[in-house]
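These are the residues of each chain, in order.
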Amino acid sequence: MFSWYWLLLIFSGGSFGLSAVLLVFYLCRAIRNWVKACGVWRDEVLPKLAEIDNWDRAGQKEEEYSRGRVMAYGSRYHSAALSYFVCGFLCFLIVLGSGGMLAQEDLAKLPFQAREDLSQIEAGFLQTAEVWISPNCRPARLPGPYGEGQPELTTLYGVISEDTEFQWVRIYVPHALGFSVDQGRLFDEEKTLGWNWEHARRYQVRYTSGLHVAVELAPIP
């Protein structure tokens, strides 16, 4: 997982940076060609077209041929400018997509959070809390973008207690822990705190502070 986060960050960051550079390059070339095209049409094409219109003895075929060559000469910079604008727009879409992924998935933080979590697990310095568990849980993957068909190796639980300052905290419980929740004694938000103290089962959980991956989760007798 740690290596996967770094690969995602390098790929997305590289796509964003390279596309941003190409976007600036293409826009500069497009603007420069557009300015040249306007100058060519003003200073060369239009005067030549006026000269062709004033030909008294020019045959129709010769006039059409000359007019076509002049128009093609003037359109050359317009075509180049348009192609650069199209390339710039495509680069903008890539910048938008990769930048959105970096921001939405917090890819800049995930590798460092994963490294800190691994260090915490190795050292045994984990967050510890006695909590109630919400009935709302679902299979999940650890944070980050994934392709379709990837296995969901964790279950996402919401936990709350005085140890979390009565704020809901989401924790990822790996299936490898073999944990199963007591469905009949879950936290009920519609009941009072006293009712939950009496009827809802509390659990002791030890989890990492970055990605909130549970290492131990067991019911309190």
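Scroll up to find the structure.
The rules behind each value
Residues numbered from 1 in each chain as written. Predicted model: local features only at pLDDT ≥ 70, side-chain atom pairs only at ≥ 80, totals over all residues. Heavy atoms only, no water. Helix = DSSP H or I, 4+ residues; strand = E, 2+ residues; numbered from the N terminus. Buried < 20%, exposed > 50% of the residue type's maximum accessible area, 1.4 Å probe, protein only. Areas by Shrake-Rupley, 256 points an atom, 1.4 Å probe, with all protein chains shown as cover. Salt bridge = Lys/Arg side-chain N within 4 Å of Asp/Glu carboxyl O. Polar contact = N/O pair within 3.5 Å; in protein donor to acceptor, adjacent residues only side chain to side chain. Contact = heavy atoms within 4.5 Å. Patch = residues over 30% accessible without salt bridge, like charges linked within 9 Å, V, L, I, M, F, W, Y side chains within 5 Å. Core = buried A, V, L, I, M, F, W, Y, C linked by side-chain atoms within 4.5 Å. Pairing = 2+ DSSP bridges. Phe/Tyr/Trp six-rings, centres within 6.5 Å; stacked < 30°, edge-to-face > 60°. Lys NZ or Arg CZ within 6 Å of the ring centre and 35° of its normal.

**Overview of the overall build of the protein chain**
Scanning the protein chain for helices and strands turns up four helices and six strands. Start at the N end of the protein chain and walk to the C end: the helices and strands fall as α-α-α-β-β-β-β-α-β-β. A total of 221 residues make up the protein chain; the buried ones form 32% of that total. Per element, the accessible surface of the protein chain, about 14,000 Å² overall, is 58% carbon and sulfur.

**Focus: the pattern of salt bridges**
For the structure on display, the rule yields four salt bridges. In this structure, Glu130 engages Arg202 in a salt bridge whose closest nitrogen and oxygen atoms are separated by 3.4 Å. Taken together, the residues span a long stretch of sequence, with Glu130 in strand β1 (residues 127-133) and Arg202 in strand β5 (residues 202-207) at a distance of 72 residues. Owing to a relative accessible area of 34%, Glu130 belongs among the partly exposed residues under this scheme. One salt bridge in this structure joins Arg202 and Glu162, with 3.3 Å as the shortest N-O distance. Residue Arg202 is located in strand β5, and its partner Glu162 is located in the loop between β3 (154-160) and β4 (169-174); the two are separated by 40 residues in the primary sequence.

**Overview of the side chain of Arg202**
What makes Arg202 buried here is its relative accessible area of 10%. For Arg202, the side chain forms a polar contact with the side chain of Glu130, separated by 3.4 Å. Side-chain polar atoms of Arg202 contact the side chain of Glu162, separated by 3.3 Å. Apart from the residues lying within four places of it in its own chain, the contact partners of Arg202 are Glu130, Val131, Trp132, Ser161, Glu162, Trp197, Pro219 and Ile220.

**Thoughts on a nonpolar patch on the surface**
Nonpolar side chains collect at one region of the surface, where Leu82, Val86, Phe89, Leu90, Phe92, Leu93 and Leu96 lie side by side and expose about 680 Å² of accessible area between them. As for its placement among the helices and strands, Leu82 is situated in helix α2 (residues 60-104).

**Topic: the nonpolar core**
Considering soluble globular proteins, one finds that nonpolar side chains tend to be buried as a cluster. Within the largest apolar cluster, 16 residues are counted, with the highest numbers of intra-cluster contacts made by Ile133, Ile171, Phe179 and Val205. Phe179 has contacts with Ile133, Tyr157, Val173, Tyr203 and Leu217, leaving out every residue within four places of it along the chain. The next biggest cluster of nonpolar side chains, apart from the first, holds eight residues, and it includes Ala114, Ala140, Leu142 and Leu156.

**Side note on the pairing of β5**
Bridge count between β1 and β5: six bridges; the pairing is antiparallel. Directly across from Thr128, in β5, lies its bridge partner Arg206. Connecting the antiparallel pair β5 and strand β6 (residues 214-219) is a turn made up of six residues, with His212 showing a positive phi of about 60°.

**As for the packing of aromatic side chains**
Scanning all chains against the criterion turns up five aromatic pairs. Ring centres 5.4 Å apart and planes at 35° place the aromatic pair Trp132 and Phe187 in the tilted group. Note that Trp132 is positioned in strand β1 and Phe187 in the loop between β4 and α4 (193-199), a separation of 55 residues in sequence. Classification of Trp132 by relative accessible area gives buried; the value is 0%. In this structure Phe187 comes out as buried when scored by relative accessible area, which is 12%. Relative to Tyr203, the ring of Phe179 lies with its centre 5.6 Å away and its plane at 80°, an arrangement referred to as edge-to-face. Here Phe179, found in the loop between β4 and α4, pairs with Tyr203, found in strand β5; they are 24 residues apart in sequence, far enough to count as distant. Take Phe179 and Tyr203: they sit in the same class, and that class is buried. Taken together through their ring pairs, the aromatic side chains of Trp132, Trp168, Phe187 and Trp197 make up a single cluster. Sitting over the face of the ring of Trp195, Lys191 holds its NZ or CZ atom 5.6 Å from the ring centroid. A cation sits over an aromatic face here: Arg202 above Trp132, 4.9 Å from the ring centre.

**Points about the environment of Gln113**
With respect to the helices and strands, Gln113 occurs in helix α3 (residues 110-123). Put simply, Gln113 and His212 are 99 residues apart on the chain and 9.7 Å apart in space, counted from C-alpha to C-alpha.

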